[in-house]
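# A look at the structure
This is what each chain is made of:
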Protein chains: 2
Amino acid sequence: MLFQSLECSFSCKSATLGLRIQRAMSSVNIPPPECMLRPLEVPYRYLFGPGPSNVPPRILAAGARPIIGHLHTEMYEIMNDIKRGIQYAFQTNNHMTLAMSGSGHTAMECAVFNTVEPGESVLVSINGVWGERVAEIAERMGAKVHTMVKSPGGYFTTEEIEKALAKHKPVLFFLTHGESSAGLAHPVDNVGDLCLRHNCLFLVDSVASLGASPLLMDQQKIDILYTGSQKALNAPPGTAPISFNERACHKMFNRKIKPVSYLLDMTHLSNYWVRMHVLYHHTGPVSGFFALRESLAILAEKGLENSWRQHREVAEYLWKGIEDLGLKLFIKDKDLRLPSVTTIAIPDGYDWKELLAYMMKHHQVEMTGGLGPSIGMVIRVGLMGYNCSKFNADKALTALADALKHCPKRRG
Amino acid sequence: MLFQSLECSFSCKSATLGLRIQRAMSSVNIPPPECMLRPLEVPYRYLFGPGPSNVPPRILAAGARPIIGHLHTEMYEIMNDIKRGIQYAFQTNNHMTLAMSGSGHTAMECAVFNTVEPGESVLVSINGVWGERVAEIAERMGAKVHTMVKSPGGYFTTEEIEKALAKHKPVLFFLTHGESSAGLAHPVDNVGDLCLRHNCLFLVDSVASLGASPLLMDQQKIDILYTGSQKALNAPPGTAPISFNERACHKMFNRKIKPVSYLLDMTHLSNYWVRMHVLYHHTGPVSGFFALRESLAILAEKGLENSWRQHREVAEYLWKGIEDLGLKLFIKDKDLRLPSVTTIAIPDGYDWKELLAYMMKHHQVEMTGGLGPSIGMVIRVGLMGYNCSKFNADKALTALADALKHCPKRRG
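The rules behind each value
- Residues numbered from 1 in each chain as written.
- Chains lettered and ligands numbered in written order.
- Predicted model: local features only at pLDDT ≥ 70, side-chain atom pairs only at ≥ 80, totals over all residues.
- Heavy atoms only, no water.
- 1 Å grid on protein atoms, 1.4 Å probe; cavity = no way out; pocket = protein on both sides within 12 Å on 5 of 7 lines; lining within 4 Å.
- Points joined across faces, edges and corners; volume = space filled by probe spheres on them.
- Helix = DSSP H or I, 4+ residues; strand = E, 2+ residues; numbered from the N terminus.
- Nonpolar A, V, L, I, M, F, W, Y, C, P; charged D, E, K, R; others polar.
- Least-squares fit on C-alpha atoms with pLDDT ≥ 70 in both.
- Contact = heavy atoms within 4.5 Å.
- Salt bridge = Lys/Arg side-chain N within 4 Å of Asp/Glu carboxyl O.
- Buried < 20%, exposed > 50% of the residue type's maximum accessible area, 1.4 Å probe, protein only.
- Buried area = accessible area lost by both parts, 1.4 Å probe.
- Polar contact = N/O pair within 3.5 Å; in protein donor to acceptor, adjacent residues only side chain to side chain.
- UniProt positions renumbered as here; feature names shortened; annotations may be inferred.
- Domains from an automatic or database assignment.

Another point: empty space enclosed by the protein. Inspection of every chain in the model, using the stated rule, returns five cavities of 30 Å³ or more. What the largest cavity holds in volume is close to 450 Å³. Forming the boundary of the largest cavity are 36 residues, of which Pro285 and Gly288 of chain A together with Pro237, Gly238 and Pro285 of chain B lie nearest the centre. Going through the elements one at a time, helix 3 (57-63) and helix 11 (286-302) of chain A together with helix 3 (57-63) and helix 11 (286-302) of chain B are the ones with two or more residues in the lining of the largest cavity. Across the lining of the largest cavity, the residue classes tally to 15 nonpolar, 21 polar and no charged. Within this model, the second largest cavity holds a volume of roughly 160 Å³. Along the wall of the second largest cavity there are 20 residues; nearest its centre are Thr106 of chain A together with Ser101, Thr106, Leu263 and Leu264 of chain B. Elements that contribute at least two residues to the lining of the second largest cavity include exactly helix 5 (104-115) of chain A together with helix 5 (104-115) of chain B. Of the residues assigned to the lining of the second largest cavity, the class counts are eight nonpolar, ten polar and two charged.

Here you go:
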């Protein structure tokens, strides 16, 4: 009760306090928890997994600025900057460009909830965990879901996609550009054209790839694109850029019934972000937006091309180092490898969990195992944005070499 | 292109870069936006509206700590602290206590989506904007929505509530404890008993009241309670504490069909927060959780009783000051006034928008107008948590007196 004495300067025996307060005050029977009287402890970690990645001091400082109201004029200016920053990062001129108040999954649900109506057909390509998620989201809201499935590391040819589009006549086709569970950068060229020809919206997940692997929303005719804040953008998790083109807007603003979520209804979100009405829908994460603006500013200063080149070159360096350790990369074709998240085939005889635990304990280095269908198949190393340097690649390789040396080999 | 020279230390003419990257690099045709090459500018504001309120340096610093992974052991310890801190703030022993990755609206949708199935009856009390929102959310997900409506400032008697429960036989009854659009603290005593007797879950919104106006979840038999981070808790917006008791858990974990949202599915969220499985559902806002923990720690140190007393005493001081300026308080009965958000009847002859703009311009003080049905009826002054002091009340009163003196009186 640190502040007790301070508080008593008001009046300890409050004759003026309402009866209900006095009764409630004497009814408090759950004491302050001991654990909350201890200070917050956070260890330093090298976040070399698939994200979140380390947040540079400049972005942390932006997120720690004293806040203003979510509906203040200056906040709308900041939101406008964010919009412009996303347009640049996505290479799009779409007006309907904004940041979701939530992680990449929020953007994923928002995209599906707004562009699909119950009973409509949706085609989802699944070659890792993200497609599985979209299929589940679409099923829950009543869509007819058709899936194309490959094992992790697999990808879909334009012929396969066209065949499925023709067969299922979906209103929406989902593809993951950066399949972080498998470490695959899926080819996107020509798919937009196919979707256009089949009168279907093309939805792309670039959470793990944006800023690291080339993507050109307008030129590649992507109708809806989203990403997350916590990967190559290096902002803390909690905001998610998303953009809809004219075709997507036409579909979602000419619905027969309202989207099932009020929170994610693009009619309201577009009033907030695009028409910039000072109308309350929800309270945006002000500090998260400050941080996101800073992360997009860093990308604008650096230049997309430089960021792509840097990720590829550091990845090449990392790949060579991994192979020099006698390990195998999970994705054989270099041009299909996601430069932000590298997948290593689990080395014969090792328990991958032991390797990860060793690196965390002795090097404060986070790498992770697989996710969803790739669990037990890979170890994942992510060097993204701020973390993307040869220095950090060396640090990751040192940790890995040390783990291979010290962890028991059980079989193989 | 600030980093160009740095990047070129890799290799400006990358023969090793993949063809696709080189093609993409030459296809970038949207330049970095000018606005993003300027630094972030954020003015200082006295946030004396209904929230977000100013964030104290200690909480800003916690939110600016270097992040760790959302699934790291230490993160689960921090989440456990948060859970304990919420249990204390809510005065509940519920295991199913957690923080949503989103604002209060996320918690609102989560509560409705999980405890109600399509076709079930829901009763919503509306005496301001929050009930309107819940009714809309429940309607969208296919519930049969029944409403009880009062104009802003009105409240519901236990007789009225019991009559409606008997008539509509809802599975869920919604009530706003802190009706911030009207400045009303709704009586909650006995309503839980009524709901129990009518086999209905009692859902309470305490976004604007938690920590400011007494509420005892377990003793008042509230089945589901949620709040926001950005009011009396003084954390940045973006996280929302919520708790479900056994009865609520029984209902939501014995559903016939899955909730419509994967993101807000309590089966997944309870695995994450309560069973603490290290299983990926979504990426939680790590920095937001650091800040939320700090805000709950401050409340635990201070003590709920002290916080309630402080809010009531500062509110009394503010109310007297407002009346001394010749203004009228919108809620007549002191014991029905929300101590965190005071509503002033718009003074005769003044344009409320001019008064607000004057205070913002000349005093950097934010107050706001009404919200939803209370627009044009009230001016709202919030002094919450960190902002709750006689010093700030004086600052608010000075700004208000100055605005009344300098803004033109047009009629009345």
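So that's the structure; there's more coming.
Bringing the relation of the copies chain A and chain B into the picture now. When chain A is fitted to chain B, the residual RMSD is 0.0 Å, and the transformation amounts to a turn of 180° plus an axial shift of 0.0 Å. Taken together, these values place the two copies in the relation of a two-fold axis. Taking the C-alpha atom as reference, chain A places Ala64 of chain A closest to the rotation axis, 2.8 Å from it. A symmetric contact is evident, with 100% of the interface residues of chain A recurring at the interface of chain B.

Glancing now at the pattern of salt bridges. For side chains bearing opposite charge, pairing can occur when the charged atoms are close. All names here are of chain B. Overall, the coordinates contain 34 salt bridges over all chains when judged by the stated rule. Note that Glu162 is salt-bridged to Arg197, the shortest N-O span being 3.3 Å. Of this pair, Glu162 sits in helix 7 (residues 158-168) while Arg197 sits in helix 8 (residues 191-197); the two residues are 35 residues apart in sequence, bridging distant segments of the chain. The exposure class assigned to Glu162 is partly exposed, which follows from its relative accessible area of 28%. A relative accessible area of 58% places Arg197 in the exposed class.

This next bit is on the interface of chain A and chain B. Each partner contributes residues to the interface: chain A has 123 residues there, and chain B has 123 residues. Across the chain A to chain B interface the summed buried area is about 11100 Å²; carbon plus sulfur atoms make up 62%. Contact with chain B buries surface across chain A, with Met36, Leu40 and Arg140 of chain A losing the most and accounting together for 8% of the total. Along the contact surface separating chain A from chain B lie eight salt bridges. Arg23 of chain B serves as the salt-bridge partner of Asp189 of chain A, at 3.1 Å between the closest nitrogen and oxygen. At the boundary of chain A and chain B, one finds 42 residue pairs in polar contact (both at pLDDT 80 or more). Sorting the residues of the side of chain A that touches chain B by element identifies helix 1 (4-11), helix 2 (19-27), helix 3, helix 4 (73-90), helix 5, helix 6 (129-140), helix 11 and helix 12 (304-324) of chain A as the ones contributing at least two each. Among the elements that take part in the side of chain A that touches chain B, helix 11 of chain A stands out by supplying eleven residues, more than any other. Grouping the amino acids of the side of chain A that touches chain B by side-chain chemistry returns 60 nonpolar, 33 polar and 30 charged.

What follows is about the UniProt feature "binding site: substrate" (unreviewed entry) in chain A. Residue and element names in this part refer to chain A. Here, the residues flagged by UniProt with the feature "binding site: substrate" (unreviewed entry) are Arg380. Structurally, Arg380 is set in strand 14 (residues 378-382). Judged by its relative accessible area of 4%, Arg380 falls in the buried class. One polar contact links the side chain of Arg380 to the main-chain carbonyl oxygen of Ser180, over a distance of 2.8 Å.

We now examine the domain arrangement of chain A. All names here are of chain A. We note that the domain assignment places domain 1 (57-301) and domain 2 (303-406) within chain A. Each of domain 1 and domain 2 was reduced to a C-alpha centroid, and the two centroids are 27 Å apart. Facing 34 residues of domain 1, the contacting portion of domain 2 comprises 26 residues. Here domain 1 and domain 2 share an interface that buries about 2200 Å² over both sides, 67% of which is from carbon and sulfur atoms. At the boundary of domain 1 and domain 2, one finds zero salt bridges. The tally of links from domain 1 across to domain 2 stands at eleven residue pairs in polar contact (both at pLDDT 80 or more). Of all the secondary structure elements, the ones that give two or more residues to the side of domain 1 that touches domain 2 are helix 4, helix 6, strand 6 (178-179), strand 7 (184-185) and helix 11. Residue classes in the side of domain 1 that touches domain 2 are distributed as 19 nonpolar, eleven polar and four charged.

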